[in-house]
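# Structure at a glance
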Amino acid sequence: MKHYPHLFSPIKIGRLTLKNRICVSPMTITGRGEEKGYFAQDNIDFYTTLARGGAALLTIGETGIHSRTDACHPRMAHLDDPGLLPSLTRLVDGVHQYDTFVSIELVHSGRRAHPAYLPDNGEVWGPSPSVNHYGAKVKEMTEEMMNEIADAYAEAAFMAKFAGVDMVMIHGGHGWLLDQFLSPLNNKRTDEYGGSLENRARFPIMVLDRVRERCGRDFPIEYRISGSELIEGGLEEEEMAVFAHMIESRVDSFHVSVGSFHDPATMVRMFPGPFFPNGVNIPYAAAIKKAVSVPVTGIGGLSDPDEMEKLLEEEQVDMVAMGRQMIADPFLPKKALKGKSNEIAHCIRCMRCNSGALIPYVPYPNGVVYCSVNPVMGRLREIARENSFKTAEKKILIAGGGPAGMQAALGALERGHKVILCEASDSLGKTLSYSDHIEFKQDIRKFRDSLISRIENSQVEVRMNTAVTPELIRNAEPDLVIGAIGGEPFIPPIEGIADNNVLYAASMHQSGAVPGNKTVIIGGGLMGCEEAIALAQDGKNVTVVEMTDSIAGEADSGLKQMIDEKIAYYNIPVLTGCSCMKITEEGAIVKNKDGEERMLAADSVLIAAGVRPKDSETNRLRDTCYDLGIDFIAVGDCKKTGRIREATTGGYFAGRNA
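What counts, and where the lines are drawn
- Residues numbered from 1 in each chain as written.
- Predicted model: local features only at pLDDT ≥ 70, side-chain atom pairs only at ≥ 80, totals over all residues.
- Heavy atoms only, no water.
- Disulfide = S-S within 2.5 Å.
- Buried < 20%, exposed > 50% of the residue type's maximum accessible area, 1.4 Å probe, protein only.
- Axes fitted to C-alpha atoms, helices over the stretch in contact; angles between N-to-C directions.
- Helix = DSSP H or I, 4+ residues; strand = E, 2+ residues; numbered from the N terminus.
- Parallel < 35°, antiparallel > 145°, perpendicular 65-115°, else oblique.
- Left-handed = near helix turned anticlockwise from the far one by under 90°.
- Contact = heavy atoms within 4.5 Å.
- Nonpolar A, V, L, I, M, F, W, Y, C, P; charged D, E, K, R; others polar.
- Pairing = 2+ DSSP bridges.
- Salt bridge = Lys/Arg side-chain N within 4 Å of Asp/Glu carboxyl O.
- Patch = residues over 30% accessible without salt bridge, like charges linked within 9 Å, V, L, I, M, F, W, Y side chains within 5 Å.
- Areas by Shrake-Rupley, 256 points an atom, 1.4 Å probe, with all protein chains shown as cover.
- Lys, Arg positive; Asp, Glu negative; His and termini not counted.
- Charge placed at Lys NZ, Arg CZ, Asp CG, Glu CD.
- 1 Å grid on protein atoms, 1.4 Å probe; cavity = no way out; pocket = protein on both sides within 12 Å on 5 of 7 lines; lining within 4 Å.
- Points joined across faces, edges and corners; volume = space filled by probe spheres on them.
- Core = buried A, V, L, I, M, F, W, Y, C linked by side-chain atoms within 4.5 Å.
- Polar contact = N/O pair within 3.5 Å; in protein donor to acceptor, adjacent residues only side chain to side chain.
- Expected span 1.5 Å × (residues − 1).
- Arc of directions from axis to C-beta.

### Structural notes on the state of the cysteines
What the rule picks out here adds up to 0 disulfides. You can see Cys23 has no disulfide; the closest cysteine sulfur is in Cys347, sitting 17 Å from it. Cys625 provides the cysteine sulfur closest to Cys422, a residue in no disulfide bond, and the two sulfurs are 12 Å apart. Residue classification places Cys422 among the buried residues on the basis of a relative accessible area of 1%.

### Comments concerning the packing of helix H19 (residues 526-537) against helix H20 (residues 557-569)
How two helices pack is summed up by the angle between their axes together with the distance between the axes. For the pair H19 and H20, the least separation of the axes is 10 Å and the interaxial angle reads 40 degrees. If you check the angle between H19 and H20, you find them oblique. Considering how the two elements wind past one another, H19 and H20 form a crossing that is left-handed. For the pair formed by H19 and H20, the contact residues are Leu526, Cys529, Glu530 and Ile533 on the first element and Leu559, Ile563, Lys566 and Ile567 on the second. The residue makeup of the contact of H19 with H20, split by class, is 6 nonpolar, no polar and 2 charged.

### Digging into the sheet that holds strand E23 (residues 579-584)
What the 3 strands build is an open sheet, ordered E23-E24-E25; its pairing is antiparallel. Strand pairing shows two members of the sheet lacking a second neighbour, E23 and strand E25 (597-601), which therefore form its edges. Each adjacent strand pair in this sheet contributes to an overall mean axis angle of 25 degrees, direction not counted. Relative to strand E24 (residues 587-591), E23 runs antiparallel, the two sharing 5 bridges. Looking across to E24, one finds that Ser579 is bridged to Lys591.

### Structural notes on the pattern of salt bridges
With the rule as written, the count across this model stands at 32 salt bridges. Where Arg612 meets Glu488, a salt bridge forms, and the shortest distance between an N and an O atom there is 3.7 Å. Of this pair, Arg612 sits in strand E27 (residues 611-613) while Glu488 sits in strand E18 (residues 487-489); the two residues are 124 residues apart in sequence, bridging distant segments of the chain. According to the relative accessible area criterion, Glu488 is partly exposed, its value standing at 29%. Through salt bridges with shared partners, a single ionic network connects Arg352, Asp556, Arg643 and Glu646.

### Let's talk about a positive patch on the surface
Positive charge collects at one region of the surface, where Arg52, Lys334, Lys338 and Lys340 lie side by side. Positionally, Lys334 belongs in helix H12 (residues 332-337).

### Some details on the layout of surface pockets
There is about 1,100 Å³ of room inside the second largest pocket. Arg52, Phe331, Val376, Glu414 and Tyr652 are, among the 33 residues lining the second largest pocket, the residues nearest its centre. When contributions to the lining of the second largest pocket are tallied by element, the ones reaching two or more residues are helix H1 (41-52), helix H14 (380-387) and helix H15 (403-414). If one sorts the elements of the lining of the second largest pocket by residue count, H14 sits on top with 6 residues.

### Section: the nonpolar core
Judged by nonpolar contacts, the single largest core of 131 residues is most densely connected at Ile170, Phe203 and Phe254. Apart from the residues lying within four places of it in its own chain, the contact partners of Phe254 are Glu222, Tyr223, Ala244, Ile247, Glu248, Ile288, Val292, Val294, Pro295, Val296 and Thr297. Core analysis: the next-biggest nonpolar cluster, separate from the first, contains 30 residues, Leu526, Ala536, Val542 and Met562 among them.

### A look at the side chain of Arg200
Looking at the element boundaries, Arg200 is found in helix H5 (residues 197-200). Engagement of the side chain of Arg200 in a polar contact is seen with the backbone oxygen of Leu182, the distance being 2.5 Å. When neighbours within four sequence positions are excluded, Arg200 is seen to be in contact with Phe181, Leu182, Pro184, Asn187, Tyr193, Gly194, Gly195, Leu235 and Glu239.

### Description of helix H21 (residues 615-628)
With 14 residues, H21 should cover 20 Å at 1.5 Å per step; its first-to-last C-alpha distance of 20 Å lies within 8% of that length. Within the sequence span of H21, burial applies to Thr618, Leu621, Thr624 and Cys625. What you see down the axis of H21 is that its buried residues fit within an arc of 130 degrees, all on one side. Facing away from the buried side of H21 by more than 90 degrees, the exposed set consists of Ser616, Tyr626 and Asp627. Packing partners of the buried residues in H21 comprise strand E14 (395-399), helix H17 (470-476), strand E17 (480-483) and strand E28 (631-634).

### Focus on the environment of Lys593
Within the fold, Lys593 resides in the loop between E24 and E25. When the C-alpha atoms of Lys593 and Ala467 are compared, they prove to be 45 Å apart, with 126 residues separating the residues in sequence. Excluding residues that lie within four positions of it along the chain, Lys593 makes contacts with Asp549 and Gly577. Among the polar contacts listed, one links the side chain of Lys593 to the side chain of Asp549, at a separation of 2.5 Å.

In structure tokens, the structure reads:
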């Protein structure tokens, strides 16, 4: 039986025949770990792992073409440096081993260039004079400089071709230089390169013509655009369709995203988070597809093969691209092809993987790609090395069937151990049951269900309704016990906290409790803010009380921006710098930093003060193991409370390293 016939049908891009319609979208990990911006072995391992998963096309992200005038990352790779060739060639060869074509995204930052990363003689250029967000003076590009940059694009493409790259992606969206020329928000010129769309398109067309001339007709060019800048006065859908039609004879395909880095507010759609439906940006790609005859790729929070198959069947797009989802599970293509979609580890769109590199929106680029649902990412090299060593089989007993416990079981299985997984309740993944009640937590539901499917389809012995006790440990005689029993709601010392109108965010969904129409939430961390948004979406009145000066402080920068936006959109009152002093039948009495008290009337008071480890239960298991001479490891919230990544990573490596 052929699963997903549209998704796994071949397609031609220029003279290349892609084996399926799945692309790895450009991701910027280029040069991380290398001072000069070359591709380190970690980078090569990352891309080759993505290729092993079965995608037809992989695009290397954000690679510069003119280092004297452009750099926006401290270790940004540049194709005007021949020193890049050896590592790029090794990368391409590695990807080609897995029957995957390689593209590379060519960019110039234009007025977004970071002066701190430019050489001493570097200058910042843009379509019009201005001052950029780093405070650098931006010079208006002369025709001489335009010709120099256009030639640099062409030479960069040629060098990529020389290294074995199969095609190039010219980035003309997201506020990069070519988009700056096209956008009336950045292009204020009054000469033949400004004003009308035809004039604003002259420089992007110059670049395309130079690349085609240098690389030949048989070398495919993909053009990436923002279907809309999503900014008032910026490029909109209709104009972008006209532009795409203007240049389609010069390109072999289009890759359609949205937004512009010049307005951080658009990043919530450029990298759509959990508050948006999967595929939220596909309509912009569909509009471009109606205007052109070459293939069009859509992107934007895609993760479900069923949804992608439908998009292709309805001819909204010709191909689909995924970035974060391919980090979460590079093997999505192979799993879908074999009818194992239920085992795909779905991206939960927490923004952990890309928030650490979003300069200038984070203080430092962390240089590492980590994933909340894929513990392997960031450690590919070490794991490959360890896999070459054989380990003695051990018997491992796991207490707790949450994300930490299930990942521990999967990690242990990879190394050939015998695993017994015990869960005290009647279902696995109980700690993620809140996702069943919150509409925008669909990605976490899918991730939880995929973990359960992988456990059910494995050789793990699962014992439901079974708590791990000292007696069970003695009878099972394991070599290692992994404690993954989770945490419990933290109960702050507030007068009246035991009243009937008090609920706990960490446990209410498991018990089926529902807050009233007027709710005060004590605690403005990530948990409290997400519950506030969910209640507001249900039409309830919510007020958030937070002791510190900011909310959702533990969220990664991208997700924090989305949380702030939703809090503002629903007009949710947030009282920072306030403490809850007392809870009554009428509501909550809070006090601000100045000592002023006020009553917040409410039907329900929801405590979102987080969770704390179940120390007494964990210590009981640990002491039993120590008395019996059995190794014990605590993972997840019973070791240290944290987010999903800490649970999945800690659990996986506890099992794997047994």
